[in-house]
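Observations on the model geometry
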Amino acid sequence: MIYVCSDIHGRYDKWRALLAALDLKPDDELIVLGDVIDRGEDGIRILREMLQHPNVVPLLGNHELNAALCIPKLLREITDESLAALDGRDIAALSEWLQNGGGPTLRGLREISPDEREEVLDYLRDMELYLEVEAGGRSFVLTHAGLDHFEPDKPLEDYELLDFLLGRPDPAAEIWPDKYLIYGHTPTRLLREQMGEPISDEILRRGNQIAIDCGCGYDGRLGCLCLDTLEERYV
Ligand SMILES: [Mn+2]
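Now for a look at the structure at hand. Model, not experiment: these values are computed from the prediction. (Residues numbered from 1 in each chain as written. Predicted model: local features only at pLDDT ≥ 70, side-chain atom pairs only at ≥ 80, totals over all residues. Heavy atoms only, no water.)

1. Focus: the coordination of the manganese ion
- Bound to the manganese ion are the protein donor atoms Asp35 (OD), Asn62 (OD1), His144 (NE2) and His185 (ND1), situated 2.0 to 2.2 Å from the metal.
- Along the chain, the residues donating to the manganese ion fall in the pattern D-x26-N-x81-H-x40-H. Of this pair, Asp35 sits in the loop between β2 (29-32) and α2 (43-50) while His185 sits in the loop between β6 (180-183) and α9 (188-194), placing them 150 residues apart in sequence.
- Asp35 sits in the buried class, given a relative accessible area of 2%.
- Judged by relative accessible area, His185 falls into the buried class, the value being 9%. (Donors = N, O, S within 2.8 Å, 3.2 Å for Na, K, Ca; no water. Helix = DSSP H or I, 4+ residues; strand = E, 2+ residues; numbered from the N terminus. Buried < 20%, exposed > 50% of the residue type's maximum accessible area, 1.4 Å probe, protein only.)

Encoded structure:
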């Protein structure tokens, strides 16, 4: 079976509860659609478990991108020279990361060894932006935040980095007729509010779009979808 979840945002309790509920077998796979870190306390701890778990496949989220950009600069020994080397863009990126809940992630990085930090950084750098998956006779495209600037005939490799990471999707918009697009990033309660529907922390399906961020980063739930059966689970 192939499962997807997204936007764990440092909630170690939810991560462990999901692993316990899924009880992954050697042939199963859990694809995590980004934003494992920030806001909650334990993003680094979760990443370090993920990278040791052969059945867990990560995709890049905007929070991982920010971390991957900021961490190397922060790990440099701080000297007058290295401070002078931080330009306005570095400082803006760092400040944006901290404002978006990066503090607990930085604390988590401080608690591990330099080798372990390098391992985490390599893991972040290796994350893919999207995945195409076949399961249960259906085709799926998986991204962190949907697909901004969507054009039905545009190949996925032609989209820009931020099209995968920062889009605010319209679940009612028509996309490919023969493929599902699955994404996190925008909690489904916000998407429902935007569409004037009753608010709930459940996976949202409209046509061939499936939004799976059920608000784990905001005290909602961690949702998980089985791609083979389209069965939903929540922890
Ligand atoms: Mn996000």
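From this point, the narrative continues.
2. A word on the nonpolar core
- Membership of the largest hydrophobic core comes to 50 residues, with the highest contact counts inside it found for Trp15, Leu30, Val32, Leu47, Met50 and Leu124.
- Excluding residues within four positions of it along the chain, Leu124 makes contact with Leu47, Leu60, Glu64, Ala67, Ala68 and Ile71.
- Among the nonpolar cores identified, the runner-up in size contains 18 residues, and Ile2, Val4, Ile203 and Leu230 belong to it. (Core = buried A, V, L, I, M, F, W, Y, C linked by side-chain atoms within 4.5 Å. Contact = heavy atoms within 4.5 Å.)

3. Brief notes about a negative patch on the surface
- There is a patch of like negative charges on the surface, built from Glu132, Glu134, Glu157 and Asp158.
- With respect to the secondary-structure elements, Glu157 resides in the loop between β5 (138-143) and α8 (161-165).
- Judged by relative accessible area, which is 59%, Glu157 ranks as exposed. (Patch = residues over 30% accessible without salt bridge, like charges linked within 9 Å, V, L, I, M, F, W, Y side chains within 5 Å. Areas by Shrake-Rupley, 256 points an atom, 1.4 Å probe, with all protein chains shown as cover. Salt bridge = Lys/Arg side-chain N within 4 Å of Asp/Glu carboxyl O. Lys, Arg positive; Asp, Glu negative; His and termini not counted. Charge placed at Lys NZ, Arg CZ, Asp CG, Glu CD.)

4. Here we look at the sheet that holds strand β9 (residues 223-226)
- Spatially, β3-β2-β1-β9-β10 is the arrangement adopted by the five strands of the open sheet, whose pairing is mixed. Looking at strand neighbours, the two that pair on one side only are β3 (56-58) and β10 (232-234), the edges of this open sheet. Here the strands of the sheet are splayed against their neighbours by 25 degrees on average, with no regard to which way each runs.
- Alignment of strand β1 (residues 2-5) against β9, held across three bridges, turns out to be antiparallel. Bridge pairing in β9 links Val4 to Leu225.
- Sheet strands in contact with helix α1 (residues 12-22) are β1, β2, β3, β9 and β10, and its direction is about 150 degrees off that of β2. (Pairing = 2+ DSSP bridges. Axes fitted to C-alpha atoms, helices over the stretch in contact; angles between N-to-C directions.)

5. Overview of the sheet that holds β5
- Spatially, five strands are ordered β4-β5-β6-β8-β7 in an open sheet, and the strand pairing comes out mixed. If you trace the sheet from one side to the other, it starts and ends with β4 (130-135) and β7 (204-206), each paired once. Averaged over all adjacent pairs, the angle separating strand axes in this sheet is 20 degrees, with direction ignored.
- Relative to strand β8 (residues 209-211), β6 is paired through three bridges, and the arrangement is parallel. Note on β8: the bridge partner recorded for Leu181 is Gln209.

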